[in-house]
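# Observations on chain architecture
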Amino acid sequence: MDNSTTDNNGDFSKSSLNLGIYTLTYAKSGYNDASLSATLATDNQTVTANFILLSNTCSAGTVSGTITDAVTGANVNNASINVRSGLNVTSGSTTGTTATTATNGTYTLSSNMTAGGYTVQVSKTGYITTYFNVNVCGNLTNQNASISENLSSGSMRIILHWGASSGLTIVDSHITGPDNASGRFHIYYPGNKRNFFYYTNDQVCYGCTSSQKSDNVTLDKDDISAPGTETITIPGGSWRSGTYRYSAHDYTTAGSTGNASSTNFAESGTTVKVYYNGTETTYNVPNIAGTVWKVLTIDGDSKVITAVNSMTAVPRNGAGIRTNFE
């Protein structure tokens, strides 16, 4: 067992750890103990392990929400819900609390769940099993999640999610990458448009030519309120040589200045999940002030994903917007 103590900002760190799965246990007088699972899978990897300590005055409660398709936004019925104690716990015994989504995608974990942190597992045939965390302190509603249909080999799906209690309103997905004209594309939700778009040299192209559209990298789903989900898909046959960069923008807080000192994003619990060749990797927003979370890069040749996990600040849409996400 190895011990650490959080600093005045609530941060902690441990270095020089061996690869493997770790269980982190947190304790403080006046709070319920909490646990979280974290995995070091590669050398020199940094894992962000955020957690919330709940007051020991918290009561038991029920958890309810809606499960939707990550691409279409349609409600998903007959999905199985299971629960494990602790955060980010994706294997081992469950608590026995279960549910099945109704025809409108809703579920309720009706047993009074003891105050604390849990991992909720959502499964359905034809979909990739997904997991999300809940912290029970009384009844919790709007604990929504999206699940992705199985992907063809070589395809990648990136899902951004911010919760009902995140304190955020609009969070935008941004992806840049090599296009078919030896330049860079930039896809995100611009202004009052609601489909997928290609940006080259900061000029929007709503009526792109068929050759440009052949890249097929798409913004499949966009949300403008919490809880929200945004989904980007890179089909297996669309990869190009070069670097892809994925970021998330706290659009509402950013305003016209970028709001570099804001900690709204850092405290929101926002997550990004990447699905590729049968694996799911979760990234948690770091505890750093700013309104743009530069999450990861992807090498278009090897498909190796590298966590960036840095924060900066960018105003709302304006001139040169693409270069801010490179």
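## Re the overall build of the protein
Tallying secondary structure elements over the protein gives two helices and 21 strands in all. The proportion of buried residues among the 326 residues of the protein is 45%. In the protein, the proportion of contacts linking residues at least 24 apart, taken out of those at least 6 apart, comes to 58%. Taken as a whole, the protein presents about 15,400 Å² of accessible surface, with 44% of it coming from carbon and sulfur.

## Side note on the state of the cysteines
Taken as a whole and assessed by the stated rule, the structure comprises one disulfide. Two residues share a disulfide in this structure: Cys 58 and Cys 137, whose sulfurs sit 2.0 Å from each other. Where Cys 58 bonds to Cys 137 through sulfur, the torsion about that S-S bond is close to -85 degrees, and the disulfide is left-handed. Linking Cys 58 in the loop between strand E2 (34-40) and strand E3 (61-69) with Cys 137 in the loop between strand E8 (130-136) and strand E9 (145-147), this pair joins segments that are 79 residues apart in sequence. Residue classification places Cys 58 among the buried residues on the basis of a relative accessible area of 16%. Accessibility expressed as a relative area gives 37% for Cys 137, which makes it partly exposed.

## A closer look at the confidence of the model for the protein
Looking at the protein, the pLDDT average stands at 83 and 79% of residues meet or exceed 70. Within the protein, the lowest mean pLDDT, 43, falls on strand E13 (residues 198-200), and the highest, 97, falls on strand E20 (residues 292-299). Here residues 191-207 scores under 50 on pLDDT; set against residues more than four positions off or in separate chains, the count is 42 contacts.

## Re the nonpolar core
Counting residues in hydrophobic clusters, the biggest one holds 29 residues, and the most contacted among them are Ile 158, Ile 175, Tyr 246, Phe 265, Val 272, Trp 293 and Ile 298. Among the secondary structure elements, those contributing two or more residues to this core are strand E10 (156-162), strand E11 (171-178), strand E12 (184-187), strand E16 (228-234), strand E17 (243-250), strand E18 (271-276) and E20. When residues no more than four places from it in sequence are discounted, the contact partners of Phe 265 are Leu 168, Val 171, Ala 248, His 249, Asp 250, Thr 270, Val 285, Gly 290, Thr 291, Val 292, Trp 293 and Met 311. Core analysis: the next-biggest nonpolar cluster, separate from the first, contains 20 residues, Val 76, Tyr 118, Val 122 and Val 134 among them.

## Examining the pairing of strand E4 (residues 80-85)
In this structure, E4 lies alongside strand E5 (residues 98-100), joined through three bridges in antiparallel fashion. Opposite Ser 80, over in E5, you have Thr 100 as the bridge partner. In this structure, E4 lies alongside strand E7 (residues 116-123), joined through six bridges in antiparallel fashion. Looking at the pairing, Val 83 lines up with Val 120 of E7.

## A word on the environment of Asn 82
Mapped onto the elements, Asn 82 comes out in strand E4. Residue Asn 82 is classed as partly exposed on the basis of its relative accessible area of 21%. Expressed as a C-alpha distance, the spacing of Asn 82 and Thr 94, which sit twelve residues apart in the sequence, is 6.8 Å. Contact partners of Asn 82, with chain neighbours within four places excluded, come to Thr 94, Thr 97, Thr 98, Thr 119, Val 120 and Gln 121.

## Structural notes on the sheet that holds E9
Overall, mixed pairing links the three strands, which are arranged E6-E3-E9 in an open sheet. A strand with exactly one partner marks an edge of an open sheet, and here the two such strands are strand E6 (106-113) and E9. Taken pair by pair, the neighbouring strands of this sheet meet at an average axis angle of 30 degrees, ignoring direction. Relative to E6, E3 is paired through five bridges, and the arrangement is antiparallel. In the strand pairing of E6, Gly 65 is matched with Tyr 107.

## What to know about unusual backbone geometry
With an omega of -5 degrees, the peptide bond running from Ala 226 to Pro 227 counts as cis. Residue position: Pro 227 is located in the loop between strand E15 (218-221) and E16. Even without being a glycine, Asn 78 presents a positive backbone phi close to 60 degrees. Mapped onto the elements of the fold, Asn 78 is located in the loop between E3 and E4. With relative accessibility at 53%, the residue Asn 78 sits in the exposed group. The backbone of Asn 277 sits at a positive phi, close to 45 degrees, despite the residue not being glycine. Its place among the elements puts Asn 277 in the loop between E18 and strand E19 (279-284).

## Examining the sheet that holds E4
Overall, antiparallel pairing links the four strands, which are arranged E5-E4-E7-E8 in an open sheet. Looking at the sheet topology across the chains shown, the edges are occupied by E5 and E8. Each strand of the sheet is rotated relative to its neighbour by a mean of 25 degrees, with strand direction disregarded. Note that E7 and E8 share seven bridges and pair antiparallel.

## Focus on the side chain of His 161
Turning to its location among the elements, His 161 is positioned in strand E10. Here the side chain of His 161 touches Asn 144 through a polar contact of 3.5 Å, landing on its backbone oxygen. Looking at His 161, its side chain comes within polar contact range of the side chain of Thr 229, at 3.1 Å. Ignoring any residue separated from it by four or fewer positions in sequence, one finds His 161 in contact with Asn 144, Pro 227, Gly 228, Thr 229, Thr 270 and Thr 271.

The rules behind these values
- Residues numbered from 1 in each chain as written.
- Predicted model: local features only at pLDDT ≥ 70, side-chain atom pairs only at ≥ 80, totals over all residues.
- Heavy atoms only, no water.
- Helix = DSSP H or I, 4+ residues; strand = E, 2+ residues; numbered from the N terminus.
- Buried < 20%, exposed > 50% of the residue type's maximum accessible area, 1.4 Å probe, protein only.
- Contact = heavy atoms within 4.5 Å.
- Areas by Shrake-Rupley, 256 points an atom, 1.4 Å probe, with all protein chains shown as cover.
- Disulfide = S-S within 2.5 Å.
- pLDDT = per-residue confidence, 0-100.
- Core = buried A, V, L, I, M, F, W, Y, C linked by side-chain atoms within 4.5 Å.
- Pairing = 2+ DSSP bridges.
- Axes fitted to C-alpha atoms, helices over the stretch in contact; angles between N-to-C directions.
- Polar contact = N/O pair within 3.5 Å; in protein donor to acceptor, adjacent residues only side chain to side chain.

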